[in-house]
Amino acid sequence: MAGASLTPGLPHGAAEGLHKHHLKCQLTYRNYMKPSIVMVDVGKWPIFTLLSPQEIASIRKACVFGTSANEAIYITDNDEVFVFGLNCSNCLGTGDNQSTIVPKKLEALCGKKINNLSYGSGPHVILSTEDGEVYAWGHNGYSQLGNGTTNQGITPIQVCTNLLIKRVIEVACGSHHSMALSSDGDVYAWGYNNCGQVGSGSTANQPTPRKVSNCLQTKMVVSIACGQTSSMAVIDNGEVYGWGYNGNGQLGLGNNGNQLTPCRVAALHGVCVLQVTCGYAHTLALTDEGLLYSWGANTYGQLGTGNKSNQLSPAQIMMEKERVVEIAACHSSHTSAAKTQGGQVYMWGQCRGQSVVLPHLTHFTCTDDVFACFSTPAVMWRLLSVEHEDSLTVAESLKKEFDSPETSDLKFRVDGKYIHVHKAVLKIRCEHFRTMFQSYWNEDMKEVIEIDQFSYPVYRAFLEYLYTDSVDLPPEDAIGLLDLATSYCENRLKKLCQHIIKRGITVENAFSLLSAAVRYDAEVNF
């Protein structure tokens, strides 16, 4: 009908403006949700130092969780799923209660293409797959696994009730409750409900997933988040709703009364919120214009307002900074972080025991590093996607170009075999070659240099060491390399060789090593 109001009860002009605002929010949110590449070194989390470089290199997704950040799960490039750590409350899902410092494979999840994961304080773990399935395991004292019981889940089990016909795209966990968001905008919640965090209208625990309705009944939810005992949801038009515990004002409603059903954060009227994230008892919200709001508990300065007073309503922070593009918090900590359009990363709140009451500029390149280095515990605030760069580091490039005929400008011939190298690299790395390649030395004019005093394996290992700073030789040949290192005054190489020899001595090879030492006239203390 021409001239009709787009929203009943509002004047035509106001309704049309509101409608345009909602459309703008929806389009902005779709663009905002496009995946971005995150370059992160998982080695910054102490628990990952247990893994070998090869295992680290295979990781594509990872999450560190647990009350002491002592549990981890990771997914490899061939979609295998591994866990390791302390295994509190069977939270590793390995079928037993044993801790492990050696990664164990979760066969039930391999090939499932996990795309979202969250964890509680028990801890319990909830995840969703690309196919929209939900799996859960771990602590279940309040039915937070959604299987209708309070028995601990020792292995990953699919959460079925009310979710089998849904495609779940996001999961979130509070301390002992869980939520799932379906692709059609419905929210389901279950578990501990002492403060109404399940949104059912009561405080009775919810043993299986239940649709959160009331004022969300006709809404299209696009994102969810959980504090310890509170829940938040973002609607496709940019509105924000909260329910559950509100003793510190973490729902942003202007009071500190608990809410048993979703209630709109009215103070954010007029702005389009794209992302909400929850700390232990505080909340952050990011708008489509890059504005940042915070509210709730502020004992450690986690709101970034410059003081430690709780906020019952959203307060804008970082107003003097450039546009914010990402915010981060985790329900198990009191730490906050944000990243600006220019790539600057700020942190505030509880940072390694200190209370930082204003956003502090760090040297990090992503918000994840804030939690690795300064959060207590040092958990991850999200399932981390590790995108390995196509470009090589300087060290990797040098290693790749060793013995490369395409780029070399010099060849050594040893035992009739050629080794391709680069004069510049040799001069930079070795005093012997720096002296050799002088204009008054004959070798400086040669394209091929003959070597007859060392064997091919020994000399090749030496040249490769100049490119890689490492040695990979059997102990017998390491004795020959030790002799070369002595001749060329390469002290660090001498120590590497001595380490290889001493580490490689066995009853079986002791005689051959002694013979090699005599042959090379090398000094090795057996």
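All figures in this text were calculated on a predicted structure; none of them were measured in a lab.

What follows covers helix H7 (residues 456-468). Between its terminal C-alpha atoms H7 stretches 18 Å, which fits the 18 Å expected from 13 residues at 1.5 Å a residue. Two residues or fewer after H7 comes aspartate 469, characterised by a positive phi angle close to 65°.

Turning next to the confidence of the model for the protein. When pLDDT is averaged along the protein, the result is 90; 89% of the residues meet or exceed 70. Here residues 1-12 is a poorly scored stretch, pLDDT under 50, and it has 13 contacts once near neighbours within four places are set aside; other chains count.

Take the state of the cysteines next. Applying the stated rule across the entire model yields zero disulfides. Cysteine 430 takes part in no disulfide bond, and the closest cysteine sulfur to it belongs to cysteine 489, at a distance of 9.1 Å. In this structure cysteine 430 comes out as buried when scored by relative accessible area, which is 0%.

In space, the four strands of this open sheet follow the order E9-E10-E11-E12, with antiparallel pairing throughout. At either end of the open sheet lies a strand with only one pairing partner, and these are strand E9 (168-173) and strand E12 (206-211). For this sheet, the mean inter-axis angle between neighbouring strands, taken without regard to orientation, is 15°. Bridge count for E9 against strand E10 (residues 177-182) is five bridges, and the pairing is antiparallel. Opposite valine 171, over in E10, you have alanine 180 as the bridge partner.

This part is about the packing of aromatic side chains. Under the counting rule described, the total for this entry stands at 17 aromatic pairs. Note on phenylalanine 433 and phenylalanine 437: the rings are 5.9 Å apart at their centroids and 15° apart in plane angle, and the pair reads as stacked. Lysine 411 extends its terminal NZ or CZ atom over the ring of tyrosine 418, reaching a point 4.7 Å from the ring centre. In this arrangement the basic side chain of arginine 429 is found over the ring face of tyrosine 465, its NZ or CZ atom lying 5.6 Å from the centre.

This part takes up the packing of H7 against helix H8 (residues 475-487). At their nearest, the axes of H7 and H8 sit 9 Å apart, and the two run at 60° to each other. Classed by the angle they form, the pair H7 and H8 counts as oblique. Here the hand of the crossing between H7 and H8 comes out right-handed. Along its contact with H7, which presents Pro457, Val458, Tyr459, Ala461 and Phe462, the element H8 presents Asp477, Gly480, Leu481 and Leu484. Its residues placed into classes, the contact of H7 with H8 shows seven nonpolar, one polar and one charged.

The side chains of a regular strand alternate between both faces of the sheet. Counting buried residues in strand E3 (residues 81-85) gives five out of five residues, a clear majority hidden from the surface. Burial along E3 is two-sided: the face carrying Val81, Val83 and Gly85 and the face carrying Phe82 and Phe84 are both buried. Relative to E3, strand E2 (residues 71-76) is paired through five bridges, and the arrangement is antiparallel. In the strand pairing of E3, isoleucine 73 is matched with valine 83. Linking E2 back to E3 in an antiparallel pair, the connection comprises four residues, with aspartate 79 at a positive phi of about 65°.

The subject of this paragraph is a nonpolar patch on the surface. Taken together, Leu50, Ile101 and Val102 make up a surface patch of nonpolar side chains, about 300 Å² in accessible area. Summarising the element assignment, leucine 50 is placed in the loop between helix H1 (12-32) and helix H2 (53-58).

A separate point is the pairing of strand E5 (residues 114-119). A large share of E5 lies buried, amounting to five of its six residues. As paired elements, E5 and strand E6 (residues 124-129) share five bridges and run antiparallel to each other. Bridging from a neighbouring strand, asparagine 116 pairs with serine 128 of E6. Count of turn residues in the E5/E6 antiparallel hairpin: four residues.

A word on the sheet that holds E3. With respect to topology, five strands assemble into an open sheet ordered E4-E3-E2-E1-E25, the strand pairing being antiparallel. Both edges of this open sheet fall to strand E4 (100-105) and strand E25 (384-385), since each of them pairs with a single strand only.

Following the criterion strictly, the structure yields 20 salt bridges and no others. Between aspartate 186 and lysine 211 there is a salt bridge; the shortest N-O distance is 3.5 Å. Separated by 25 residues along the polypeptide, aspartate 186 in the loop between E10 and strand E11 (187-191) and lysine 211 in strand E12 bring together distant segments of the chain. Given the relative accessible area of 10%, aspartate 186 is considered buried. Given a relative accessible area of 26%, lysine 211 falls into the partly exposed group. Of the charged contacts, one joins arginine 382 and aspartate 368 as a salt bridge, the two residues approaching to 2.8 Å between their closest N and O atoms. Here aspartate 368 lies in helix H3 (residues 367-373) and arginine 382 lies in the loop between H3 and E25, a separation of 14 residues in the sequence. Given a relative accessible area of 2%, aspartate 368 falls into the buried group. In this structure, a network of salt bridges that share partners links the residues Lys166, Asp184, Asp186 and Lys211.

Procedures and definitions
Residues numbered from 1 in each chain as written. Predicted model: local features only at pLDDT ≥ 70, side-chain atom pairs only at ≥ 80, totals over all residues. Heavy atoms only, no water. Helix = DSSP H or I, 4+ residues; strand = E, 2+ residues; numbered from the N terminus. Expected span 1.5 Å × (residues − 1). pLDDT = per-residue confidence, 0-100. Contact = heavy atoms within 4.5 Å. Disulfide = S-S within 2.5 Å. Buried < 20%, exposed > 50% of the residue type's maximum accessible area, 1.4 Å probe, protein only. Pairing = 2+ DSSP bridges. Axes fitted to C-alpha atoms, helices over the stretch in contact; angles between N-to-C directions. Phe/Tyr/Trp six-rings, centres within 6.5 Å; stacked < 30°, edge-to-face > 60°. Lys NZ or Arg CZ within 6 Å of the ring centre and 35° of its normal. Parallel < 35°, antiparallel > 145°, perpendicular 65-115°, else oblique. Left-handed = near helix turned anticlockwise from the far one by under 90°. Nonpolar A, V, L, I, M, F, W, Y, C, P; charged D, E, K, R; others polar. Patch = residues over 30% accessible without salt bridge, like charges linked within 9 Å, V, L, I, M, F, W, Y side chains within 5 Å. Areas by Shrake-Rupley, 256 points an atom, 1.4 Å probe, with all protein chains shown as cover. Salt bridge = Lys/Arg side-chain N within 4 Å of Asp/Glu carboxyl O.

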